[in-house]
Protein chains: 2
Amino acid sequence: MSELKLIPARHGVADRMKKGQTLKVINTFGQQVIDFWAFAANDMNEYMSMHHTHAALLKIIPTVGDTLVTTKRRDIMTIIEDTTPGIHDTLMPSCDRYRYEQLGCTEYHMNCKDNLEVALDKIDVERLVHPAPLNLFMNIPVSPTDNNSIKWDGCPAGVGEYITLRAEMDCIVAFSSCPQDIVPINGPNCEIQDTHYLIEG
Amino acid sequence: MSELKLIPARHGVADRMKKGQTLKVINTFGQQVIDFWAFAANDMNEYMSMHHTHAALLKIIPTVGDTLVTTKRRDIMTIIEDTTPGIHDTLMPSCDRYRYEQLGCTEYHMNCKDNLEVALDKIDVERLVHPAPLNLFMNIPVSPTDNNSIKWDGCPAGVGEYITLRAEMDCIVAFSSCPQDIVPINGPNCEIQDTHYLIEG
């Protein structure tokens with residue numbers, strides 16, 4: 001029985017998927033970036049890799065029909081539907097305590113890197129590495145000049161828009177409703193929102 | 001006493017650097033891509049990260065004056081000189097056995113991923129992760145259209161051209177004279193060449 005599950009604002013969640021199941025990731029209230037990771041169920045050292053996906057797809061932004069691959073260049077997730085403007089990011093790392101320290105935070109700030117760790121702990125999975133995520137709905141435009149300069153831009157995903165991916169292997173997935181409220185990637189008001197996901201099939 | 005050291009064609013080499021030392025990486029015979037890694041000397045879990053460097057520099061291709069950073073967002077390497085056309089890559093992973101299998105190789109093919117492992121073994125360092133490298137002299141142009149499509153292009157570095165970097169912390173560095181001789185990233189004749197490096201200061 002499929003069930004809509006919550007990714008609480010500023011927090012992470014992990015789950016398990018079987019090959020062939022689909023995953024709908026929903027931008028419930030709009031303008032919210034979600035860091036997304038996937039690991040091979042039987043080997044946490046094999047994970048969805050943005051670098052290997054660049055080599056497989058020969059593009060920076062994956063789109064409907066594209067299959068993301070692991071560090072062993074095996075298919076792990078195929079994008080089968082996307083009702084958002086199709087803007088996702090494969091260039092940026094998760095936010096982490098070091099990032100917030102550099103942004104001037106003097107106290108602990110929730111962050112996607114720690115969120116992954118906590119989320120995996122909760123399903124009793126030991127994290128071995130911290131892969132760069134697929135930053136769903138994140139807007140990092142690339143300039144053709146200035147050594148391909150990039151910038152942080154606002155998340156264009158609208159209320160209730162979603163992306164659907166199919167698991168190409170048994171895997172562990174994890175999400176973080178990105179707590180970045182200093183740089184306006186989650187909309188100009190820097191409001192952090194709940195998001196949801198649905199595993200079916 | 002500084003000494004010109006060999007990175008044999010198709011092979012990897014690792015070495016140690018002190019903070020403040022400079023590293024000259026030389027494209028001795030031209031058109032040869034070199035995979036380059038750097039790790040914090042006291043913690044192999046902290047390493048030069050292309051994703052974190054994207055966030056720090058807000059560009060895909062680092063250039064003279066730019067400082068590459070680690071997974072803890074600390075400065076590790078600054079580019080202080082570059083006599084090549086300034087084309088380097090931060091998007092692609094190292095080649096590996098899986099890549100060559102997909103390209104049709106039925107027997108073992110030398111590859112940059114294994115080269116890193118062997119090179120670190122030789123200086124008695126245990127590798128914990130396999131970071132995406134800074135692909136020195138590698139030419140991966142990014143299109144402003146087609147979801148930022150990218151392609152493999154020929155290495156533009158000329159005979160004897162070099163890049164010089166300064167270590168911003170004590171670190172372990174590693175190189176691989178990339179053995180890719182199927183896709184023509186190392187020039188149209190797919191010849192793999194020796195390269196050299198020099199640590200000074």
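From a predicted model like this one, the values you see are computed outputs, not experimental measurements.

**Q** Describe the packing of aromatic side chains, and please don't skip the residues or the numbers.
**A** Using the criterion set out here, one finds six aromatic pairs over all chains in the structure. On the basis of an interplanar angle of 20° and a centroid distance of 5.4 Å, the ring pair of F36 of chain B and F175 of chain B is categorised as stacked. Of the two residues, F36 of chain B sits in strand β4 (residues 34–40) while F175 of chain B sits in strand β10 (residues 171–177), which places them 139 residues apart along the sequence. Pair check on accessibility: F36 of chain B and F175 of chain B agree, each one buried. A connected cluster of aromatic rings, assembled from ring pairs, spans F36, F175 and Y197 of chain A.

**Q** Which residues make up the environment of N111 of chain A, and what values go with them?
**A** Residue and element names in this part refer to chain A. For N111, the position within the fold is in the loop between α2 (97–102) and α3 (112–122). Classification of N111 by relative accessible area gives buried; the value is 0%. Not counting chain neighbours up to four residues away, the residues in contact with N111 comprise C95, D96, R97, Y100 and P179. Only 3.4 Å separates the side chain of N111 from the side chain of Y108, close enough to count as a polar contact. Polar contacts involving the side chain of N111 include one to the main-chain carbonyl oxygen of H109, which spans 3.2 Å.

**Q** Any details on the sheet that holds strand β1 (residues 4–7) of chain B? Residues and values, ideally.
**A** Residues and elements named next belong to chain B. One open sheet holds the six strands; their spatial order is β1-β11-β3-β9-β7-β6, and the pairing between them is antiparallel. Both outer strands of the open sheet, β1 and β6 (67–69), are each paired with one neighbouring strand and no more. The mean inter-strand angle of the sheet, taken between neighbouring strand axes irrespective of direction, is 25°.

**Q** Any details on helix α3 (residues 112–122) of chain B? Residues and values, ideally.
**A** Residue and element names in this part refer to chain B. Taken residue by residue, α3 has C112, N115, L116, A119 and L120 as its buried positions. Projection of α3 onto a plane perpendicular to its axis shows the buried side chains occupying an angular sector of 125°, all on one side. Taken together, the buried residues of α3 touch β2 (12–17), β4, β5 (43–47) and β10. Where α3 begins, the side chain of N111 points an oxygen toward the backbone nitrogen of K113, at a separation of 3.3 Å.

**Q** Tell me about the relation of the copies chain B and chain A, and name the residues and values.
**A** Rotating chain B by 180° and moving it 0.0 Å along the rotation axis overlays it on chain A with an RMSD of 0.0 Å. Here the symmetry operator amounts to a two-fold rotation axis. Residues of chain B ranked by C-alpha distance from the rotation axis are headed by P144 of chain B, positioned 2.8 Å from it. The residues that chain B uses at the interface reappear at the interface of chain A in 100% of cases, marking a shared surface.

**Q** Now, about the confidence of the model for chain A: what can you tell me, with residues and values included?
**A** For chain A, the mean per-residue pLDDT works out to 96, and 100% of the residues sit at or above 70. The ipTM for the predicted assembly is 0.97, set against a pTM of 0.97.

**Q** Can you explain the layout of surface pockets? Please cite residues and give values.
**A** If you add up the space inside the largest pocket, you get close to 1,000 Å³. Lining of the largest pocket is provided by 50 residues; of these, Y47, V129 and H130 of chain A together with Y47 and V129 of chain B occupy positions nearest its centre. Every element with two or more residues in the lining of the largest pocket is listed here: β5 (43–47), α1 (50–57), α2 and α3 of chain A together with β5, α1 (50–57), α2 (97–102) and α3 of chain B. Tallied by class, the residues present in the lining of the largest pocket amount to 19 nonpolar, 15 polar and 16 charged. If you add up the space inside the second largest pocket, you get close to 160 Å³. Around the second largest pocket, the lining comprises 15 residues; the ones closest to its centre are I61, I87, I140 and P141 of chain A together with N148 of chain B.

**Q** I'd like to hear about the interface of chain B and chain A, residue by residue, with values.
**A** Taken together, the contact between chain B and chain A spans 36 residues of the former and 36 residues of the latter. Counting the surface lost from both chain B and chain A, the interface buries some 3,100 Å², and carbon and sulfur atoms represent 58% of this. It is H51, R73 and N147 of chain B that lose the most area in chain B upon contact with chain A, and together they represent 24% of the buried surface on that side. For the pair chain B and chain A, the number of links is two salt bridges. D96 of chain A serves as the salt-bridge partner of R73 of chain B, at 2.9 Å between the closest nitrogen and oxygen. Here chain B and chain A share 18 residue pairs in polar contact (both at pLDDT 80 or more) between them. Mapped onto the side of chain B that touches chain A, the elements with two or more residues apiece are α1 and α2 of chain B.

**Q** Just give me the short version of the side chain of S177 of chain A, but keep the residues and values in it.
**A** Residues and elements named next belong to chain A. Its place among the elements puts S177 in strand β10 (residues 171–177). With a relative accessible area of 0%, S177 lands in the buried category. Leaving out residues up to four positions away in the same chain, S177 has contacts with I7, P8, A9, R10, H11, Q32, V33, I192, Q193, D194 and T195.

**Q** Help me get a handle on the sheet that holds strand β3 (residues 22–27) of chain A, residues and values and all.
**A** Residue and element names in this part refer to chain A. With antiparallel pairing, six strands are arranged side by side in an open sheet as β1-β11-β3-β9-β7-β6. At either end of the open sheet lies a strand with only one pairing partner, and these are β1 (4–7) and β6 (67–69). Adjacent strand axes in the sheet meet at a mean angle of 25° when their direction is disregarded. Pairing geometry for strand β7 (residues 75–82) and strand β9 (residues 161–167), over five bridges, is antiparallel. Looking at the pairing, T78 lines up with R166 of β9.

Procedures and definitions
Residues numbered from 1 in each chain as written. Chains lettered and ligands numbered in written order. Predicted model: local features only at pLDDT ≥ 70, side-chain atom pairs only at ≥ 80, totals over all residues. Heavy atoms only, no water. Phe/Tyr/Trp six-rings, centres within 6.5 Å; stacked < 30°, edge-to-face > 60°. Helix = DSSP H or I, 4+ residues; strand = E, 2+ residues; numbered from the N terminus. Buried < 20%, exposed > 50% of the residue type's maximum accessible area, 1.4 Å probe, protein only. Contact = heavy atoms within 4.5 Å. Polar contact = N/O pair within 3.5 Å; in protein donor to acceptor, adjacent residues only side chain to side chain. Pairing = 2+ DSSP bridges. Axes fitted to C-alpha atoms, helices over the stretch in contact; angles between N-to-C directions. Arc of directions from axis to C-beta. Least-squares fit on C-alpha atoms with pLDDT ≥ 70 in both. pLDDT = per-residue confidence, 0-100. 1 Å grid on protein atoms, 1.4 Å probe; cavity = no way out; pocket = protein on both sides within 12 Å on 5 of 7 lines; lining within 4 Å. Points joined across faces, edges and corners; volume = space filled by probe spheres on them. Nonpolar A, V, L, I, M, F, W, Y, C, P; charged D, E, K, R; others polar. Buried area = accessible area lost by both parts, 1.4 Å probe. Salt bridge = Lys/Arg side-chain N within 4 Å of Asp/Glu carboxyl O.

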